[in-house]
Amino acid sequence: MKKWNVDRPNRKTISALMLGCSVTSLTAAALAAKGYSSAESVIESLNTDELSDPFLIKDMQQAADTINTAIENGERICIYGDYDCDGIMSAVILYSYLLEAGADVTYYIPERSEGYGLNTRAADEISDDGVSLIITVDNGISAIEEAEYIYSRGMKLVVTDHHRQGEQLPRAEAVVDPYRHDCVSPFKDMCGAGIALKLVAALDGGDYTMALEQFGDLAAIATVADIVSLKGENRFLVSYGLELISNTDRPALMALKDICGLNDKPVDTRSVGFGIGPRINAAGRFGSPKTAAELFLCEDFDEALKIANELDRLNNMRKDEENSIISEIYSMIDNNPGIIRERVIFLCGKNWHHGVIGIVASRIVEQFGKPCFIVSETEGELRGSARSFGEFSVFEALTAVSETLEKFGGHPGAGGFTVKIGMAERFHQLLEKYAFDNHRVMPVLELSADSPVSPQELDIENIKGLDVLEPFGTDNEKPLFYIENAQILDIVPLSDGAHTKLRVKTGYTQTDALMFRKSPTELPLSKGDVCSMIVSLGVNEFRGTVSPNIIISDIRPQPFDQSKYFAAMNAFEAFMRGEELPQNYYPSMEPSRDDVVKIYKSIPDRGINTDTLYIRISDKNINYCKFCISVEALRQLGLVSVSCAGSMIKRISVTQKANLDSAPVLVSLSSRLGKSHK
């Protein structure tokens, strides 16, 4: 369960934004919730209609001069990219331009097995090919030793990157990176392909017309896929690029749209982020990134379609591998629920594909609401990936346990690392110690609504007004709204129960709301109940009828005290970890026999989601901590099975009575209560 945060923007601010920006009340509320207080602030951040002068980026002039001189002198040039979508698009952009400009140019995109960035083996291969100038795209800012090696081989280097600078810059003719400490360019958050596009404009004298027309689509794909901020110049770039993609005659994009089911449909950031981008990334994960590069350099549609189908096959392999690892992890958790009761989820497996464990870590974080560190052992090497959220920093945690690591890197939300042989368990122990010492109360995954919405605001024109906020993405997420006091009139299963449609009444208005990937049996509500929801809003057009399209992100009965819920959950998990709690906690944690029996008898034959069961019991005498203790006791006695992964509880047929007092969790609790009575 996620913690709900409902913003309640100032009504005066909403009115001012409605007037100053000529937007609807829903749009103004969403803008106010994102921190905008005036029309000027909205225009500065969201209404950017051009890219800033490329020469404002430090060393851009030197880079352009160096490359143009190399072209004029007939020097052989190599574009050095990266194996992800951004690195591939960056390489294609610069390679295509230089080829058209008459350069003697080649490109090198490292395989995932080579690791990220420049490496000396690749430098040797590039040198042997007669290259005299290497230009990096989407990497190079941290390649201090590799840059020196490149010069020792008699080559020169131009770096273009968008990652943060370390203590020193690499040796190069030019280092083009907006995050250089001495760069005064006004916009910092471009992805690698955005910087490559700016370099193309600089090579063309600083005018963006050709660069945008030729490569705006590729830069937009990379910007979305690399999950960089969709404010300022990126917003303009993505808007421009999406229009190009929707009306493309590029064989690669025509083919990808075909296999993604996007023909004759407008392309948005979701289409790119969940359709086009993953297929490009799949090449670097399960094949070779060169395959994706070849697709975008291909000029024949039939050939492009053949390669696009290969990327689709690789993407399906990625999905299968991802689901296989997730299934294995779920089995591990069901056999040992303690894994998800730790402060940090630590998982170690054999031969889990390194190309997907980062994605898997993200899914585990989303499922269980805790930072996740995954290690895969392959041929004696323990490589890992981590994901987090809130105030728990992956990079700080890895720094704290660095004695167990060969190497590591990352930022607050994500990181990669290699564990020293034989140190996996010590790594886990130190992670838990770091979490305990620095985060006594661990962060909770949150779901935030931009504003409450009244029944009167669920108006077609009001909802359509939200379109002006697109494209949506990082730092400009699709608005979510809070609906309260909605009475459920009907619950209808969709797609054989895979999804649910609710008929709800808010005020005097009746409307439908959809909840995907949740069956009616999983809902913590019944017909006639009053609920609150966090939803996204759109417009549905069907056979000439236009109606609000309400998609439920989460739903709860009303009222629901989430502060008590999370406090109780924290207390239960701390107790299960063996941590000491205040002595006055223990009496309120102990369920009576009647409490346990009531919970057991409330479990339907088909099973039920555990949170749904708790909410449906709705007994003031059974707080959530008592409920969790009771369920654990029933599980330990073999009276129920609990799928922790799916949060489902089922009764098990038994032939003999069980002694409730013998459940280890109750024995331990009795022991704590005994101490408190001394």
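Everything here concerns the structure above.
Reference entry: report on the structure contained in this document. (Residues numbered from 1 in each chain as written. Predicted model: local features only at pLDDT ≥ 70, side-chain atom pairs only at ≥ 80, totals over all residues. Heavy atoms only, no water.)

**Focus on the nonpolar core**
Right, so step 1: Ranked by internal contacts, the top residues of the largest apolar core, which has 141 residues, are Ile77, Ile79, Leu98, Ile135, Ile280, Phe296 and Phe627.
Right, so step 2: The element best represented in this core is helix H5 (residues 85-100), accounting for ten residues.
Right, so step 3: When residues no more than four places from it in sequence are discounted, the contact partners of isoleucine 79 are Ala91, Leu94, Tyr95, Leu98, Val105, Thr106, Tyr107, Tyr108, Ile135 and Val137.
Right, so step 4: Judged by nonpolar contacts, the second largest core, of 36 residues, contains Leu17, Val42, Val453 and Leu458. (Core = buried A, V, L, I, M, F, W, Y, C linked by side-chain atoms within 4.5 Å. Buried < 20%, exposed > 50% of the residue type's maximum accessible area, 1.4 Å probe, protein only. Helix = DSSP H or I, 4+ residues; strand = E, 2+ residues; numbered from the N terminus. Contact = heavy atoms within 4.5 Å.)

**Regarding the sheet that holds strand E5 (residues 156-160)**
Right, so step 1: One open sheet accounts for five strands, arranged E3-E2-E4-E5-E6; its pairing is parallel. The open sheet has two edge strands, strand E3 (104-108) and strand E6 (174-176), and neither has a second partner. Pairs of neighbouring strands in the sheet enclose a mean axial angle of 20 degrees, with direction left out of account.
Right, so step 2: Two elements, E5 and E6, share three bridges in a ladder whose sense is parallel. Following the sheet pairing, valine 159 is matched in E6 by valine 175. (Pairing = 2+ DSSP bridges. Axes fitted to C-alpha atoms, helices over the stretch in contact; angles between N-to-C directions.)

**So, the side chain of glutamine 165**
Right, so step 1: Along the chain, glutamine 165 falls in the loop between E5 and E6.
Right, so step 2: The class of glutamine 165 is buried, set by a relative accessible area of 15%.
Right, so step 3: There is a polar contact of 2.9 Å between the side chain of glutamine 165 and the backbone nitrogen of histidine 181.
Right, so step 4: If we skip the residues at most four places from it in the chain, glutamine 165 touches Ile141, Tyr179, Arg180 and His181. (Polar contact = N/O pair within 3.5 Å; in protein donor to acceptor, adjacent residues only side chain to side chain.)

**Describing the environment of glutamate 299**
Right, so step 1: Among the structural elements, glutamate 299 can be located in the loop between helix H13 (289-297) and helix H14 (301-335).
Right, so step 2: For glutamate 299, a relative accessible area of 74% gives the class exposed.
Right, so step 3: In this structure, the C-alpha to C-alpha distance between glutamate 299 and proline 251, residues 48 residues apart in sequence, is 6.0 Å.

**Considering a negative patch on the surface**
Right, so step 1: Together, Glu294, Asp300, Asp302 and Glu303 make up a region of like negative charge exposed at the surface.
Right, so step 2: Here glutamate 303 is to be found in helix H14. (Patch = residues over 30% accessible without salt bridge, like charges linked within 9 Å, V, L, I, M, F, W, Y side chains within 5 Å. Areas by Shrake-Rupley, 256 points an atom, 1.4 Å probe, with all protein chains shown as cover. Salt bridge = Lys/Arg side-chain N within 4 Å of Asp/Glu carboxyl O. Lys, Arg positive; Asp, Glu negative; His and termini not counted. Charge placed at Lys NZ, Arg CZ, Asp CG, Glu CD.)

**Describing the layout of surface pockets**
Right, so step 1: Volume-wise, the second largest pocket comes out at about 540 Å³.
Right, so step 2: When contributions to the lining of the second largest pocket are tallied by element, the ones reaching two or more residues are H5, helix H9 (209-225) and H13.
Right, so step 3: Of the residues assigned to the lining of the second largest pocket, the class counts are ten nonpolar, four polar and six charged. (1 Å grid on protein atoms, 1.4 Å probe; cavity = no way out; pocket = protein on both sides within 12 Å on 5 of 7 lines; lining within 4 Å. Points joined across faces, edges and corners; volume = space filled by probe spheres on them. Nonpolar A, V, L, I, M, F, W, Y, C, P; charged D, E, K, R; others polar.)

**Thoughts on the side chain of serine 536**
Right, so step 1: Position of serine 536 relative to the elements: it lies in strand E17 (residues 530-542).
Right, so step 2: We classify serine 536 as buried; its relative accessible area is 11%.
Right, so step 3: Among residues more than four places away in sequence, those in contact with serine 536 are Lys478, Pro479, Leu480, Asn549, Ile550 and Ile551.

**Considerations on helix H2 (residues 25-33)**
Right, so step 1: Most of H2 is tucked away: eight of the nine residues are buried.
Right, so step 2: Listed as buried for H2 are Ser25, Leu26, Thr27, Ala28, Ala29, Ala30, Leu31 and Ala32.
Right, so step 3: The elements touched by buried residues of H2 are helix H1 (11-21), helix H3 (39-46), strand E13 (451-452), helix H18 (460-464), strand E14 (481-494) and E17.
Right, so step 4: One or two steps after H2, the chain reaches glycine 35, where phi turns positive at roughly 100 degrees.

**Focus on the sheet that holds strand E19 (residues 608-609)**
Within a sheet, adjacent strands bond to each other through the backbone by hydrogen bonds, running parallel or antiparallel.
Right, so step 1: Across the sheet, three strands lie side by side as E19-E21-E20; this open sheet has antiparallel pairing. Each having just a single partner strand, E19 and strand E20 (640-643) make up the two edges of the open sheet.
Right, so step 2: Direction of pairing for E20 relative to strand E21 (residues 648-651): antiparallel, over a ladder of four bridges. Within the sheet, the bridge partner assigned to valine 640 lies in E21 and is arginine 651.

**Remarks on unusual backbone geometry**
Right, so step 1: The omega angle of the peptide bond from glutamate 470 to proline 471 is 5 degrees, so this bond is cis rather than trans.
Right, so step 2: Relative to the helices and strands, proline 471 resides in the loop between H18 and E14.
Right, so step 3: In this structure, the amide linkage connecting glutamine 558 to the following residue, proline 559, adopts the cis form with an omega of 5 degrees.
Right, so step 4: Note that proline 559 resides in the loop between strand E18 (545-557) and helix H19 (562-576).
Right, so step 5: In this structure, asparagine 351 is a non-glycine residue whose phi angle is positive, near 60 degrees.
Right, so step 6: Its location among the elements puts asparagine 351 in the loop between strand E7 (345-350) and helix H15 (357-368).
Right, so step 7: A positive phi angle is found at aspartate 496, which is not glycine, with a value near 60 degrees.

**Here's the deal with the packing of H9 against helix H12 (residues 269-286)**
Two packed helices can be described by the angle between their axes and the distance between those axes.
Right, so step 1: Where H9 meets H12, the closest approach of the two axes is 9 Å, and the angle between their N-to-C directions is 95 degrees. Comparing their axes, H12 and H9 come out roughly perpendicular. Between H9, through Ile221, Val224 and Ala225, and H12, the contact on the second element is made entirely by Thr269, Val272, Gly273, Ile276, Gly277 and Ile280.
Right, so step 2: For the contact of H9 with H12, the per-class residue count stands at six nonpolar, three polar and no charged. (Parallel < 35°, antiparallel > 145°, perpendicular 65-115°, else oblique.)

**Thoughts on empty space enclosed by the protein**
Right, so step 1: With the rule as written, the count across this model stands at one cavity of 30 Å³ or more.
Right, so step 2: Empty space within the largest cavity amounts to approximately 30 Å³.
Right, so step 3: Considering the residues around the largest cavity, the lining is formed by Arg11, Ile14, Ser25, Leu26, Ala29, Ser451, Pro452 and Glu457.
Right, so step 4: Going through the elements one at a time, H1, H2 and E13 are the ones with two or more residues in the lining of the largest cavity.

**A few points about the pattern of salt bridges**
Right, so step 1: Counted under the stated rule, the structure contains 30 salt bridges.
Right, so step 2: Note that aspartate 128 and arginine 153 form a salt bridge whose closest N and O atoms lie 3.3 Å from each other. On the criterion of sequence distance, the pair formed by aspartate 128 in helix H6 (residues 120-128) and arginine 153 in the loop between helix H7 (144-152) and E5 is long-range, its members being 25 residues apart.
Right, so step 3: Its salt-bridge partner being arginine 313, residue glutamate 310 comes within 2.8 Å of it at the nearest N-O pair. With glutamate 310 and arginine 313 both in helix H14, this residue pair falls three residues apart, about one helical turn.
Right, so step 4: Assessed through its relative accessible area of 28%, glutamate 310 is described here as partly exposed.

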